[in-house]
Amino acid sequence: MPSKDITAPPSYRPTARVLHWLIAGLVLAIIPAGQIMTIKGLPRELQDGLFLLHKNGGVVIGLLMVLRLGYRLIHPPPPLPPSVAPLQAKIAGLTHILLYVLIFVMVASGYLRVMAGGYPIEGLDALGVPHLVSRHEGVEKAAQATHAITRIALVALIAAHIGAAVFHAFWLRDGVMARMWPRRR
Ligand code: HEM
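Quick caveat, the model's predicted, so the values are computed rather than measured. (Residues numbered from 1 in each chain as written. Predicted model: local features only at pLDDT ≥ 70, side-chain atom pairs only at ≥ 80, totals over all residues.)

### Quick look at the site of the ligand
Then comes step 1: The environment of the ligand is made up of 25 residues, and the closest members are Gly34, Gly58, Met106, Gly110 and Ala148.
Then comes step 2: Sorting elements by how many residues they give to the shell around the ligand places helix H4 (residues 86-116) first, with seven residues.
Then comes step 3: Looking at the shell around the ligand, its residues break down into 13 nonpolar, nine polar and three charged. (Near = placed C-beta within 6 Å. Helix = DSSP H or I, 4+ residues; strand = E, 2+ residues; numbered from the N terminus. Nonpolar A, V, L, I, M, F, W, Y, C, P; charged D, E, K, R; others polar.)

### As for the nonpolar core
In summary, soluble globular proteins display a tendency toward joint burial of nonpolar side chains.
Then comes step 1: The biggest cluster of nonpolar side chains holds six residues, and these are Tyr111, Leu112, Val114, Met115, Ala116 and Ala143.
Then comes step 2: Looking at this core element by element, the count peaks at five residues for H4.
Then comes step 3: Apart from the residues lying within four places of it in its own chain, the contact partners of leucine 112 are Val133, Val139 and Ala143.
Then comes step 4: Counting residues in each nonpolar core, the second largest holds five residues, with Ile30, Met65, Ile103 and Met106 among its members. (Core = buried A, V, L, I, M, F, W, Y, C linked by C-beta atoms within 7 Å. Buried ≥ 20, exposed ≤ 12 C-beta atoms within 10 Å, placed from the backbone. Contact = placed C-beta atoms within 7 Å.)

### Section: the confidence of the model for the protein
Then comes step 1: A residue-level look at the protein finds 95% of positions with pLDDT of 70 or above and a mean pLDDT of 93.
Then comes step 2: Counted against residues more than four places away or in other chains, residues 1-6, with its pLDDT under 50, gives one contact. (pLDDT = per-residue confidence, 0-100.)

What follows is the structure, given as structure tokens:
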């Protein structure tokens, strides 16, 4: 009888899987933190703590995304199983590109909003990283609006992405989810 591994479709490499789940966890945590921290009348300490986590966590996401993109360019994703129709594969590919773009837009607009507003990013400041943007009200407002609008598109796309993953894992059971899931030894 063939073992499971022989029939299983090829998986993402361990580094790609670690980066995927690390970034997924951070993004899923940073979105509610961003929503909550902007609520008016929040206790000051809680608000400051959430801002600290959000800004610095956002920068970490940006750095991990650069690593992930570089790794993906060197090691392209494994081919999808033949059971996935070409149109479906194309839509999945476009969704993934859009996820990369929207996350980078969130990181860049968040950075610009904070820098142009004259606020600190504690982690970068502690490391002596120079501010790349000086105070500017117009840039601050534009970045704030971009951050708020892109958030809606990102949340919708993440919901579609998770929905598709769950559909493959529990309905189609075609091994697509297993490509990214941690391996069982
Ligand atoms: C993947 C990365 C990021 C995601 C998913 C994200 C998500 C969010 C969300 C959902 C909000 C609430 C927006 C609203 O209610 O209008 C928000 C607000 C905010 N984010 Fe981010 N963010 C990210 C990266 C960053 C970074 C890197 C910074 C700064 C270094 C940052 C700074 C801020 C600030 C200052 C606000 C408050 C906006 C305001 O009302 O002026 N974000 N973010």
